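Structure assessment
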Amino acid sequence: MFTEVLMPSDDAIREAAALIRAGQLVAFPTETVYGLGANALDPEAVARIFAAKNRPGDNPLIAHISDVSQLRPLIDCEPGPVARRMMDAFWPGPLTMIFPRAKLVPANLSAGLDTVSVRLPSHPVARALISAAGVPIAAPSANRSGRPSPTSAAHVFEDMKGRIPLILDGGDCAVGLESTVVDMTCDVPRILRPGGITAEMIAEVAGGSEVDPAVMRPLQEGEQPRSPGMKYRHYAPRGELTIVEGDPANVAEAISEMYDCALADGHHPLILALDGHLAAYGGRRAESLGGDEAEMAHRIFALLRDADALGADVLFSEAVEARGLGLAVMNRLGRAAAFHILKV
Ligand code: TXA
Ligand code: MG
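A brief structural summary. (Residues numbered from 1 in each chain as written. Chains lettered and ligands numbered in written order. Predicted model: local features only at pLDDT ≥ 70, side-chain atom pairs only at ≥ 80, totals over all residues. Heavy atoms only, no water.)

This brings us to the overall build of the protein chain. Helices and strands together make up the secondary structure of the protein chain, namely nine helices and 16 strands. Relative to a compact globule of 344 residues, whose C-alpha radius of gyration would be 20 Å, the protein chain shows 20 Å and is just as compact. Each principal axis of the C-alpha distribution contributes one length, and for the protein chain these read about 60 × 50 × 35 Å. Classification of the 344 residues of the protein chain by burial places 54% in the buried group. Sequence separation of at least 24 residues holds for 68% of the intrachain contacts in the protein chain that already meet a minimum separation of 6. Accessible surface computed for the protein chain: about 14000 Å², of which carbon and sulfur atoms make up 52%. Taken as two groups, the 31 positive and 43 negative side-chain charges of the protein chain have centres that lie 6 Å from each other. (Helix = DSSP H or I, 4+ residues; strand = E, 2+ residues; numbered from the N terminus. Rg over C-alpha atoms; globule rule 2.2 N^0.38 Å. Buried < 20%, exposed > 50% of the residue type's maximum accessible area, 1.4 Å probe, protein only. Contact = heavy atoms within 4.5 Å. Areas by Shrake-Rupley, 256 points an atom, 1.4 Å probe, with all protein chains shown as cover. Lys, Arg positive; Asp, Glu negative; His and termini not counted. Charge placed at Lys NZ, Arg CZ, Asp CG, Glu CD.)

Below, the structure is given as structure tokens:
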């Protein structure tokens, strides 16, 4: 299949919407990462997403809407007052909420669960596409399963070339990490995946929030995750990644030592360090994570892809405090490292 890449002109959005209505797949930009879209109400179109990504069938998809009026038909109850406050505060934006699923929603979208996750993105191209298609759009991140999420059209092309007919190129994604996923079927909103809307921001609007314990550790043997996505190794670079946590001077010393050992053993090591710390690594090969959590969020997936392109087979990364946006960054970095975190 030929994969066309188009700038999101009115014509291109019309073409994309026609493909969606015809049950085909279109990759499109959102403020978080690129999505791989299909008609969320068409089970055959939804099945095509799983096939193109090679995604396990037990990992549910998010339904994307362009207007709050599209929410009620997808869910099995009136949204409660807390959900309404969260919609008012954070939609359109990088927040996904989980509700009981209405019968209208195909079972394969939710991977057989009796819930459905819904998000109203803020990216103008995403919203224009959803409204032109006239249906909610199912969209996971537009990477092949297990690869870092795509934050540019070039990343999508790398993973999806020949598998989908169209990519809308809207440039780089602003946030760079996927949306915050919150289970609204609990008494207190429960964060299953941290993102740009932080636990602290949700607590302020909702009067409280909980972070699922599986966010910052590997699942235990036999543990059933609340979000099936937690089961899978994600965002993985091809090289083996270790995160080193502690006082910056100790971290730089420990990473430098491990780097030198790896080099002596014939490996191609790479260091991921915060801007202010790069000088501490002397002439060793290092890439900048940026200066703060927001820059890290924006860069992390592209860095993990670059590491592959550079042929790095051993990676060492500095850590940031797992609070605010730092929780989302450390969740993605932690999972990329299979939670191999060294404290020094
Ligand atoms: O920012 C985003 O959310 C991007 C853009 C394209 O909107 N989409 C995205 O989708 O990241 P995906 O499929 O890569 O991640 C969705 C996550 C998965 O971990 C999945 O397990 C979880 O949300 N999820 C979806 N529906 C769920 C449900 N009903 N119950 C529990 N977890 C759910
Ligand atoms: Mg994904």
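Having seen it, we continue.
Let's shift gears to the site of ligand 1. Of all residues adjacent to ligand 1, which total 26 residues, the nearest are Thr32, Asn59, His64, Ser117 and Ser179. Measuring from an oxygen atom of ligand 1, one finds a side-chain N or O atom of histidine 64 at 2.6 Å. Only strand S4 (62-64) and strand S6 (115-119) provide two or more residues apiece to the shell around ligand 1. Looking at which element gives the most residues to the shell around ligand 1, the answer is S6, with three residues. Grouping the constituent residues of the shell around ligand 1 by class yields 11 nonpolar, 10 polar and five charged. (Near = heavy atom within 4 Å. Polar contact = N/O pair within 3.5 Å; in protein donor to acceptor, adjacent residues only side chain to side chain. Nonpolar A, V, L, I, M, F, W, Y, C, P; charged D, E, K, R; others polar.)

This part is about the sheet that holds strand S12 (residues 240-245). Strands sit in the order S14-S13-S15-S12-S16 across an open sheet of five strands; the sheet is parallel. Lying at the two open borders of the sheet, with one neighbouring strand each, are strand S14 (286-290) and strand S16 (341-343). Neighbour-to-neighbour, the strand axes of this sheet turn through a mean angle of 25°, independent of strand direction. Sheet analysis places strand S13 (residues 269-274) next to strand S15 (residues 314-318), joined by four bridges and oriented parallel. Note on S15: the bridge partner recorded for leucine 270 is leucine 315. The strands touched by helix H8 (residues 293-309) are S12, S13, S14 and S15; relative to S14, the strand with the most contacts, the crossing angle is about 155°. In the packing of helix H9 (residues 325-336) onto the sheet, contacts are made with S12 and S15, and the angle to S12 comes to roughly 135°. (Pairing = 2+ DSSP bridges. Axes fitted to C-alpha atoms, helices over the stretch in contact; angles between N-to-C directions.)

Moving on: unusual backbone geometry. In this model, tryptophan 91 is joined to proline 92 through a cis peptide bond whose omega is -10°. Looking at the element boundaries, proline 92 is found in the loop between helix H3 (81-90) and strand S5 (95-100). At alanine 338, a residue that is not glycine, the phi angle is positive and equals roughly 50°. Summarising the element assignment, alanine 338 is placed in the loop between H9 and S16. When its relative accessible area of 48% is taken as the criterion, alanine 338 is described as partly exposed. A positive phi angle is found at phenylalanine 339, which is not glycine, with a value near 55°.

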